[in-house]
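# Observations on the three-dimensional arrangement
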Amino acid sequence: MKTMALTAALLAGPALADELPEGCYVRDYSDAHLASQPQQVVDWMQLWFYQNQFENKSAMVQVGFAAQGHVAGTRHAGQVLDQSTLCYEFEGGPTCVVDCDGGRFQVVRDTGDAITIQTNYFMVGQTGSCGGAADLAEKPDQAVKYKLYRADARQCAGVRALLVRDGVPPQEGPSDTGDSK
């Protein structure tokens, strides 16, 4: 219900997230980093910001889950899942939301070379019902941040391929160099 209200507020808002970066952002966490953060569920992440076929700012996320934290011992440990979002300017920053009750993330820092996203609930993985399969948050309703680095579009080949599945040709976004066309 909370997310439905958020979605309604976002759709009513006049401004799209013009400040959202475009292109490819990635992070592959080292074994040492994961060992020092035993609650972290993300092993690696690709995040592609683009403009969809309806001219809306969007993001596609693909995540490789670690075998630790709340996914340890579940079928999601070691699994690769994805999620598509719509992005808007909300509560003072660029925010990307999952349809239905799948949560959101907000870009809380953008240096040009790296971004930091924050979420306390963001479901990844397509399911037959609302939301998603696994939460990126380490603990329920507790904010977690992920720092991702700007990369050449070829490093987001997997997440860009998902756009074809969703009917968005990958060339409609930034060029292969990661720069806007």
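Remember, it's a predicted structure, so these values are computed and weren't measured experimentally. (Residues numbered from 1 in each chain as written. Predicted model: local features only at pLDDT ≥ 70, side-chain atom pairs only at ≥ 80, totals over all residues. Heavy atoms only, no water.)

Take the confidence of the model for the protein next. Per-residue pLDDT for the protein has a mean of 80; in total, 79% of the residues score no lower than 70. Across residues 171–181, confidence stays below pLDDT 50; counting only partners more than four residues off in sequence or on other chains, it has 28 contacts. (pLDDT = per-residue confidence, 0-100. Contact = heavy atoms within 4.5 Å.)

The next thing to look at is the pattern of salt bridges. Pairs can form between side chains of opposite charge once their charged atoms are near each other. A full pass over the atoms with the stated rule returns 2 salt bridges. For Glu22, the salt bridge identified is with Lys57, shortest N-O distance 3.4 Å. Here Glu22, found in the loop between helix H1 (2–12) and strand S1 (23–28), pairs with Lys57, found in strand S3 (residues 57–65); they are 35 residues apart in sequence, far enough to count as distant. For Glu22, a relative accessible area of 24% corresponds to the partly exposed category. Lys57 gets classed as buried once you look at its relative accessible area, which sits at 12%. (Salt bridge = Lys/Arg side-chain N within 4 Å of Asp/Glu carboxyl O. Helix = DSSP H or I, 4+ residues; strand = E, 2+ residues; numbered from the N terminus. Buried < 20%, exposed > 50% of the residue type's maximum accessible area, 1.4 Å probe, protein only.)

All right, on to the state of the cysteines then. What we call a disulfide is simply a covalent bond connecting the sulfur atoms of a pair of cysteines. Counted according to the given criterion, the structure contains 2 disulfides. Residue Cys24 pairs covalently with Cys156 via a disulfide, S to S 2.1 Å. As the torsion about the S-S bond is roughly 85 degrees, the Cys24-Cys156 disulfide counts as right-handed. Taken together, the residues span a long stretch of sequence, with Cys24 in strand S1 and Cys156 in the loop between strand S9 (144–151) and helix H3 (157–165) at a distance of 132 residues. Across the pair, exposure class does not vary: Cys24 and Cys156 are buried alike. (Disulfide = S-S within 2.5 Å.)

Counting buried residues along strand S5 (residues 93–97), 5 of its 5 residues qualify, which places the element largely inside the surrounding structure. In textbook terms, the turn of a hairpin is the stretch between consecutive antiparallel strands, and for strand S4 (residues 80–90) and S5 this stretch comprises 2 residues, one of which, Glu91, has a positive phi near 50 degrees. Summarising the sheet, S5 and strand S6 (residues 103–110) pair through 3 bridges and their orientation is antiparallel. If you follow Cys96 over to S6, its bridge partner there is Phe105. Here S5 folds back onto S6 in antiparallel fashion, the turn holding 5 residues, of which Cys100 has a positive phi close to 75 degrees. (Pairing = 2+ DSSP bridges.)

Another point: the packing of aromatic side chains. Enumeration over the complete set of coordinates arrives at 4 aromatic pairs. Arranged with centres 6.4 Å apart and planes meeting at 65 degrees, the rings of Tyr29 and Tyr146 form a pair that is edge-to-face. Of the two residues, Tyr29 sits in the loop between S1 and helix H2 (31–36) while Tyr146 sits in strand S9, which places them 117 residues apart along the sequence. The interplanar angle of 65 degrees and the centroid separation of 5.3 Å between the aromatic rings of Phe105 and Phe122 together place this pair among those described as edge-to-face. Taken together, the residues Phe105 in strand S6 and Phe122 in strand S7 (residues 114–124) connect sequence positions 17 residues apart. Taken as a pair, Phe105 and Phe122 share a single burial class, namely buried. Site record: aromatic cluster; members linked through ring pairs are Tyr25, Phe49, Phe105 and Phe122. Positioned above the aromatic ring of Trp48, the side-chain terminus of Arg160 is 4.7 Å from the ring centre. (Phe/Tyr/Trp six-rings, centres within 6.5 Å; stacked < 30°, edge-to-face > 60°. Lys NZ or Arg CZ within 6 Å of the ring centre and 35° of its normal.)

Attention now moves to unusual backbone geometry. The backbone of Asp141 sits at a positive phi, close to 55 degrees, despite the residue not being glycine. For Asp141, the location among the structural elements is in the loop between strand S8 (134–135) and S9. Relative accessible area serves as the criterion here: at 57%, Asp141 is assigned to the exposed category.

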